[in-house]
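# A look at the structure
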Amino acid sequence: MRVVLSNSAGVPLYQQIKDQVGTAILAGELAEGSALPSVRALARDLRISIITTTRAYAELAAEGFIATVPGKGAYVLPLDSALVREQLLRRVEDGLQTALDAALRAGLDREGLIQILDGLIQAEHEYASAQEGMSR
Amino acid sequence: MTGDLAFALRGVGCVVGNGFALRDVSFELPTGYVMGLIGANGAGKTTTIRCLLGMQGIESGEIELLGHRVPGPVALRQDVGVVLDHTYLVGDWRLSEVERTLRPFYDRWDAVRYRQLLEEFGLDLRAKVKDLSRGMGMKLMIAVALSHRARLLVFDEPTSGLDPVARDELVGIIGDFLLDEGHSVLFSTHITADLDRIGDYVTLIHGGRIVRTGSKDEILDAYRVVRGGPDELRDLVGVELIGVKESSSGAQALVRTEEADFLGGGVLVEVPTLEEIAVHIGLSSRKPAAGVPDGRREEFA
Amino acid sequence: MTAVARMTVLVMRTVAPYRTQGLVVFGVIVLIDSRSLVGLIPALALLLAPLVAAQPFMVADKADLQTLYAVLPLSRRTVLLGHYAWALLSFLAIVITGTALAALLAQAQDMPFGGRSLATLLTLSWALFAVNISIQLPLLIRFGYTRISVLATTVPLALVMLAVIRVHLDLESIQDWLPLFWVAGAAALATSAALASCASNQRQRS
């Protein structure tokens, strides 16, 4: 399991752990059932506080990514398609919120925003077809 | 047996011969975590630790250590390891003799572990205690504490005088020690950098009183650091500025988070580091406790 | 081994690095008194033995052994009794060795040695040592070695006592009272140990 913490990211340490482990699970890098280090072992390895790792694991467990076994550690739960979907939808919402904030500041209206969205979707299609073309 | 609390102090007050006092000291540590006791020299860290270990009598309040009222049974000390900034052993003893001398007093002395630890720390059994550098001396005392299977490690200013490499090694040693959730650590220091990352709980002590205690996140969340131009901080009303530092280019102080809303937009407000909290609290109300000149090192025993 | 026995061994280990100095002083006293053996045993008992009894306190101050004794699973009473036990045992060792040497020297020089005058000498040495230690140990426990100059207390005390012996006491006259001196010495030590327990509680507070 790969967790690399940044001191200057401005993101709290527990959040960084949560994000990295969550991303790894969603991407399939951490297989279902695989064991994660205990909160104490992780704290020892990363040289951070146990409360921090405990919090990261607690939130990951609350969101259904992992299950913790008291005294033994934690393991990855099967990727639930509802779970994955929920996580991804949340990311869509976060992303759109960010875009919306920027749009308001730029004075962009709904039309302008949809135009940009359509442009991006178009670009994705073109990129996907180009990829397909190359692989033939 | 793992209880809930490694130790607890409740309303502890004590007087030390030269007039220094602890007043209404209360804080506790759940088993399985590391607490940093942070304060300037002379703030009362060593006195607090001596009271906790039963080496110093208290006038008021109560102390609980590993589930027992202090002063507890002498056997309680089987579970406690104490590491100071100096070794408290006879200088002419060789490390092998240290073991022969201390072993009879401990029920659970693990001779194999002692040798393993000495090897891991790079200490030679034939070396004499007086020949050890500060860092090696600290590691020796840790080796002794781990060899008698202490459950609670108490460090009093272990890193003063140590180079950054040795201090970093200590972080690793503590991490290993805490792999067992029945183990706890109390770490008193005036160097906050040691605890920035691995500290679970923090207690701030100043002038013999506890300023604040709680999890590290709670403490960091309880204060904000305020930075502004040289005069900007003076005009603020209704806000208590803690430990103002002024220079020609600006001023800086600590405020409680709940008061930070009154600060207005002209100044920069940020989450502080432990260091900044410690410094500003140390600067605030600069009258030292009676009879203790600034910077005097408290004697341990 | 009982706790006190273990403590006594610990005390012995703390002063072991100084055994050469002790032997040297022993040798010097023997040399000085080798002609007039009467002074040998009292000198050992009043000059060397008190210094040896005080030595653990010197080492304790230098090496912060007060912390060690507070960290080890030892009651204060055990720590205290261990120091008294060391004083007693080292006294016995010194005096027994000294007496044996004196006997040899007496034989070599064809001098009379032994009998009632030896018993008197030993009794007096014990009594004076016990009184000396009974005063000194509680002071050392209360104030620590660096604040009590041991030589400053031992030497005048020894001289005073030797003078008292010379001037007032006719060795024959006290021969009937020997058991009393033994008891007096033991009583002094016991009282001293009791007082010292209170004193050591005091020291913890300051």
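What counts, and where the lines are drawn
- Residues numbered from 1 in each chain as written.
- Chains lettered and ligands numbered in written order.
- Predicted model: local features only at pLDDT ≥ 70, side-chain atom pairs only at ≥ 80, totals over all residues.
- Helix = DSSP H or I, 4+ residues; strand = E, 2+ residues; numbered from the N terminus.
- Expected span 1.5 Å × (residues − 1).
- Buried ≥ 20, exposed ≤ 12 C-beta atoms within 10 Å, placed from the backbone.
- Pairing = 2+ DSSP bridges.
- Axes fitted to C-alpha atoms, helices over the stretch in contact; angles between N-to-C directions.
- pLDDT = per-residue confidence, 0-100.
- Contact = placed C-beta atoms within 7 Å.
- Nonpolar A, V, L, I, M, F, W, Y, C, P; charged D, E, K, R; others polar.

### A word on helix α3 (residues 40-63) of chain C
Residues and elements named next belong to chain C. Taking 1.5 Å of rise per residue, the 24 residues of α3 would be expected to cover 34 Å, and the 33 Å separating its terminal C-alpha atoms lies within 8% of that figure. Counting buried positions along α3 gives 20 out of 24 residues, so the element sits mostly inside the fold. Once α3 ends, the next one or two residues include D64, with phi positive near 55°.

### A look at the sheet that holds strand β14 (residues 268-270) of chain B
Pairing between sheet strands relies on hydrogen bonds along the backbone, with the strands arranged either parallel or antiparallel. Residue and element names in this part refer to chain B. If you walk across this open sheet you meet the four strands as β12-β13-β11-β14, and the pairing is antiparallel. Looking at strand neighbours, the two that pair on one side only are β12 (242-246) and β14, the edges of this open sheet. When the angles between neighbouring strand axes are averaged without regard to direction, this sheet yields 20°. Both strand β11 (residues 223-228) and β14 contribute to a ladder of three bridges, which runs antiparallel.

### Considerations on unusual backbone geometry
Of note, the amide linkage connecting V70(B) to P71(B) takes the cis form, showing an omega dihedral of -5°. Within the secondary structure, P71(B) sits in the loop between β5 (68-69) and β6 (80-83). Although it is not a glycine, R47(A) sits at a positive phi angle of roughly 60°. Within the secondary structure layout, R47(A) lies in the loop between α2 (39-46) and α3 (50-62). The backbone of D64(C) sits at a positive phi, close to 55°, despite the residue not being glycine. The exposure class of D64(C) is partly exposed, given the 18 C-beta atoms found within 10 Å.

### Section: the confidence of the model for chain B
Residue and element names in this part refer to chain B. When pLDDT is averaged along chain B, the result is 87; 92% of the residues meet or exceed 70. Confidence drops under a pLDDT of 50 for residues 287-298, and excluding neighbours within four residues, the segment shows 23 contacts in the predicted structure. If you check the scores for this complex, the pTM reads 0.83 and the ipTM reads 0.86.

### Quick word on the interface of chain B and chain A
Between chain B and chain A, the contact holds 13 residues from the first and nine residues from the second. At three residues, the largest contribution of residues to the side of chain B that touches chain A is made by helix α5 (residues 164-177) of chain B. Of the residues belonging to the side of chain B that touches chain A, the class tally is five nonpolar, three polar and five charged.

### Quick look at the confidence of the model for chain A
In this model, chain A carries an average pLDDT of 86, and 96% of its residues clear a pLDDT of 70 or more. Across chain A, the element-wise mean pLDDT spans from 84 in helix α4 (residues 81-106) of chain A up to 94 in α2(A).

### Regarding the interface of chain B and chain C
Taken together, the contacts link 21 residues of chain B with 22 residues of chain C. Among the residues making up the side of chain B that touches chain C, the classes are represented as twelve nonpolar, seven polar and two charged.

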